[in-house]
Amino acid sequence: MNPVFHLSLPCKDMEATKKFYIDDLGFKHGRNSSQWLDVDVFNHQITFVLFDKFWMNSPTYKLDASILPMFHYGIILEEEAWEEMYDKVNHWTLDITPKKTFFKDKNGEHHSFFIKDPNDYTLEFKTFVDNDSVFLI
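On a predicted model such as this, the values are computed, not experimentally measured, just so you know.

Q: Mind showing me how you'd approach the overall build of the protein chain here?
A: Along the protein chain, the regular secondary structure elements total 2 helices and 10 strands. The N-to-C order of helical and strand elements in the protein chain reads β-α-β-β-β-β-β-β-α-β-β-β. For the protein chain, whose C-alpha radius of gyration is 16 Å, the value lies close to the compact-globule estimate of 14 Å for 137 residues. Once the C-alpha set of the protein chain is aligned to its principal axes, its extents read approximately 50 × 35 × 30 Å. Here the protein chain holds 137 residues, and the buried ones make up 36% of them. Relative to all contacts within the protein chain whose residues are 6 or more apart in sequence, the contacts with residues 24 or more apart total 51%. Roughly 8,800 Å² of accessible area belongs to the protein chain as shown, and the carbon and sulfur atoms make up 55% of that amount. Side-chain charges of the protein chain comprise 14 positive and 22 negative groups, with the mean position of each set lying 6 Å from the other.

Structural data, given as structure tokens:
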């Protein structure tokens with residue numbers, strides 16, 4: 001078995017979370033109950049656990065000329081899959097950032113866009129110009 005990443009996050013609204021990840025983004029769901037949901041995000045497991053009230057301070061940081069959310073998680077895709085995801089998401093939400101390029105003409109050059117889920121988490125979808133530069137300094 002290849003290593004699989006697992007992340008568990010509190011969830012404000014289970015039905016809205018299911019709709020967003022399963023119906024809108026097209027990810028598969030796994031085991032679930034009325035209190036939690038496993039989502040298969042490109043063969044990695046994210047578990048959402050229903051919790052009445054939670055608050056995350058959402059500070060930002062500056063990267064190049066962009067202000068980015070410090071608390072976010074993301075998916076690195078091949079360029080074609082990244083473009084397909086952008087087109088898919090761009091059809092049903094206005095809460096999407098325009099495509100951005102980071103580290104232009106440097107190691108790690110990549111293109112990103114960000115969206116918010118119903119729990120106010122920010123998801124980043126990115127694609128690297130050179131896939132071998134994902135971890136290069």
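Q: Explain the pattern of salt bridges to me, please; I cannot follow it from the model alone.
A: Side chains carrying opposite charge are able to pair once their charged atoms draw close together. Scanning the model with the defined rule gives 7 salt bridges in all. Its salt-bridge partner being Glu15, residue Lys18 comes within 3.8 Å of it at the nearest N-O pair. Placement of the pair is Lys18 and Glu15 together in helix H1 (residues 14-24), with a separation of 3 residues, close to one helical turn. Judged by its relative accessible area of 25%, Lys18 falls in the partly exposed class. For Lys116, the salt bridge identified is with Asp120, shortest N-O distance 3.2 Å.

Conventions and cut-offs
- Residues numbered from 1 in each chain as written.
- Predicted model: local features only at pLDDT ≥ 70, side-chain atom pairs only at ≥ 80, totals over all residues.
- Heavy atoms only, no water.
- Helix = DSSP H or I, 4+ residues; strand = E, 2+ residues; numbered from the N terminus.
- Rg over C-alpha atoms; globule rule 2.2 N^0.38 Å.
- Buried < 20%, exposed > 50% of the residue type's maximum accessible area, 1.4 Å probe, protein only.
- Contact = heavy atoms within 4.5 Å.
- Areas by Shrake-Rupley, 256 points an atom, 1.4 Å probe, with all protein chains shown as cover.
- Lys, Arg positive; Asp, Glu negative; His and termini not counted.
- Charge placed at Lys NZ, Arg CZ, Asp CG, Glu CD.
- Salt bridge = Lys/Arg side-chain N within 4 Å of Asp/Glu carboxyl O.

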